[in-house]
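Descriptive analysis of the structure
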Amino acid sequence: MKKIAISSLLLITQITFSQGFLKADGQKIVNEKGENVALKGLGLGGWMLQEGYMLKTADFAGPQYKIKEKIAELIGEDGKNEFYKAYHKNGITKADIDSLAKWGFNSIRLPMHYNLYTLPIEKETVKGENTWLEEGFKMTDDLLKWCAANKIFLILDLHAVPGGQGKDANISDYDPSKPSVWESEENQKKTVALWKKLAERYKNEPWIGGYDIINEPNWAFTGSNPNGIDETSNAPLRKLSIEITKAIREVDKNHIVIIEGNGWGNNYNGMFPLWDDNMVLSFHKYWTYNNQGAIQQMLDFRKQYNVPVWLGETGENSNVWFTEVIELLDKNNIGWAFWPMKKIDNIAGVTNVKITPEYQKLLDYWTKGGEKPSAEFAKKSLMKIADNYKLENVEVKKM
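Since this is a predicted model, take the numbers as computed values, not measurements.

With respect to the pattern of salt bridges
- Under the counting rule described, the total for this entry stands at 23 salt bridges.
- Note that Asp212 and Arg109 form a salt bridge whose closest N and O atoms lie 3.1 Å from each other. Note that Asp212 is positioned in strand E6 (residues 208–212) and Arg109 in strand E4 (residues 107–113), a separation of 103 residues in sequence.
- Between Asp387 and Lys390 there is a salt bridge, with its nearest N and O atoms 3.0 Å apart.
- Given a relative accessible area of 27%, Lys390 falls into the partly exposed group.
- Through salt bridges with shared partners, a single network forms among Arg109, Asp157, Asp212, Glu260 and Glu313.

Right, here's the structure in full:
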């Protein structure tokens, strides 16, 4: 590891650990002793689901499926698969989780891509059936083991649902040539089935902190804004959220169910009344002022519906902003999860994955064209980037 310098803001914050299940108790998240638990977390963005800006490909390949297409064009399908095997192996390891615990975090949010757990509907040999894939479950099992060893809660976040849940394609790997989850009953059934499968697998795991069932829905159901900011009812989102919760409760009565509103998580119009007594409302906060007004609506929801709220995703800002948001949230007893942990040329997060001159040549080719890099050169460049994701090779940044 090239540099270790982490803010004392995290280290001096009071953190309560528990060996029982977290649950919602009125307006608080509590442990088995009824003690308030303030989640201080980090989202592992980019590990299971890449977004173009994290790899500096946003200008020509934002969603992960496009990134994979670009890579395969240079090094073939086998080479692409070899790269992703190394990328997943190096991206998050026990050393990462050990370090997060030492730095003062008490929770982790895992952004999951459904296609590591089950096939897309168009690849199922029998319509309506679900083929389960070991890769995603194995990655989650390992991560949970590392979290439990460090007494860190793991929150499962379905970041990319079958078909995708928003017009902001990068977030959920949405391919507009295929039906979204809102346009396909098959995708909705697969989403429900996946959550039931996950709940069945982890129902007795106390270090699972909760199930964040649909990340940042952003879809126009009846409104004019393509990302659902002006929706007034959100009926399809509420319906699917209820169906997922019902499926989870058939096998797991222990864990918190976390919901998000439309419009990237913050539009809760039509989502009330709530339908379960162990729920948390999540909201996301980027590039807004750190004053009481910025979170007042969520505080109002917390009081009116007697339910905990959690800032499930925030960050990508300055050190001053981070300091201010922590102070604001701590004052209001709201837990949080920063975003993300690792990113190429990351200037506003915990760690920075350093770019290489060779990888920059690939970016230049993808952006400007010119002479195509050889498969040998491209593969070597990509495998070096995968190696740079190891904790010992990243720059740990001062916050």
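Here the narrative resumes.
Structural notes on the packing of helix H3 (residues 64–91) against helix H12 (residues 357–368)
- At a minimum axis distance of 12 Å, the contact between H3 and H12 shows a crossing angle of 110 degrees. Classified by the angle their axes make, H3 and H12 are roughly perpendicular. Residues Lys70, Ile71 and Leu74 of H3 form the contact with H12, whose participating residues are Leu362, Tyr365 and Trp366.
- Split into classes, the residues belonging to the contact of H3 with H12 amount to five nonpolar, no polar and one charged.

Things to note about the sheet that holds E6
- Spatial strand order, E3-E4-E5-E6-E7-E8-E9-E10: eight strands in a closed barrel with parallel pairing. Pairwise comparison of adjacent strand axes, ignoring direction, gives a mean angle of 30 degrees for this sheet.
- Packing against the sheet, helix H7 (residues 185–202) makes contact with E4, strand E5 (153–160) and E6, and its axis sits at approximately 175 degrees to E6.

As for the environment of His88
- By the element assignment, His88 lies in helix H3.
- A relative accessible area of 11% means that His88 is categorised as buried.
- Residues His88 and Tyr389 lie 301 residues apart in sequence; the distance between their C-alpha atoms is 9.2 Å.
- Once you skip the residues sitting within four places of it in the chain, His88 turns out to touch Trp47, Leu116, Glu135 and Met139.

Structural notes on the nonpolar core
- Residues Leu110, Leu143 and Trp195 are the most contacted members of the largest nonpolar core, which totals 110 residues.
- No other element matches H3, which puts eight residues into this core.
- Residues within four places of Leu110 in sequence aside, it is in contact with Leu44, Trp47, Met48, Tyr117, Thr140, Leu143, Leu154, Ile155, Leu156 and Asp157.

Overview of the layout of surface pockets
- Quantified by volume, the largest pocket comes out at close to 790 Å³.
- Surrounding the largest pocket, 32 residues form its lining, Lys68, Asn115, Pro120, Lys123 and Asp173 being those nearest its centre.
- In terms of residues, the lining of the largest pocket owes the most to one element, H3, which gives 11 residues.
- Its residues assigned to classes, the lining of the largest pocket shows 12 nonpolar, nine polar and 11 charged.
- A volume near 500 Å³ is recorded for the second largest pocket.
- Listed by contribution, the elements that provide at least two residues to the lining of the second largest pocket are helix H6 (169–172), helix H9 (262–265), strand E8 (279–285) and helix H10 (292–305).
- With four residues, the top contributor of residues to the lining of the second largest pocket is H10.
- Here the residues of the lining of the second largest pocket sort into 10 nonpolar, seven polar and six charged.

Examining helix H5 (residues 134–149)
- An ideal rise of 1.5 Å per residue puts 22 Å on 16 residues; H5 measures up with 22 Å between its terminal C-alpha atoms.
- Looking at the buried positions of H5, the neighbouring elements they touch are H3, helix H4 (94–102), E4, E5, H7 and E6.
- Lys151 lies just past H5 and shows a positive phi near 55 degrees.

A closer look at the environment of Arg249
- Examined against the element boundaries, Arg249 turns out to sit in helix H8 (residues 235–251).
- Looking at Arg249, the relative accessible area reads 12%, which means it is buried.
- Here the alpha-carbon distance between Arg249 and Thr323, two residues 74 residues apart in the chain, equals 38 Å.
- Excluding anything up to four places from it in sequence, Arg249 contacts Asn254, His255, Val257, Asp276 and Asn278.

Conventions and cut-offs
Residues numbered from 1 in each chain as written. Predicted model: local features only at pLDDT ≥ 70, side-chain atom pairs only at ≥ 80, totals over all residues. Heavy atoms only, no water. Salt bridge = Lys/Arg side-chain N within 4 Å of Asp/Glu carboxyl O. Helix = DSSP H or I, 4+ residues; strand = E, 2+ residues; numbered from the N terminus. Buried < 20%, exposed > 50% of the residue type's maximum accessible area, 1.4 Å probe, protein only. Axes fitted to C-alpha atoms, helices over the stretch in contact; angles between N-to-C directions. Parallel < 35°, antiparallel > 145°, perpendicular 65-115°, else oblique. Contact = heavy atoms within 4.5 Å. Nonpolar A, V, L, I, M, F, W, Y, C, P; charged D, E, K, R; others polar. Pairing = 2+ DSSP bridges. Core = buried A, V, L, I, M, F, W, Y, C linked by side-chain atoms within 4.5 Å. 1 Å grid on protein atoms, 1.4 Å probe; cavity = no way out; pocket = protein on both sides within 12 Å on 5 of 7 lines; lining within 4 Å. Points joined across faces, edges and corners; volume = space filled by probe spheres on them. Expected span 1.5 Å × (residues − 1).

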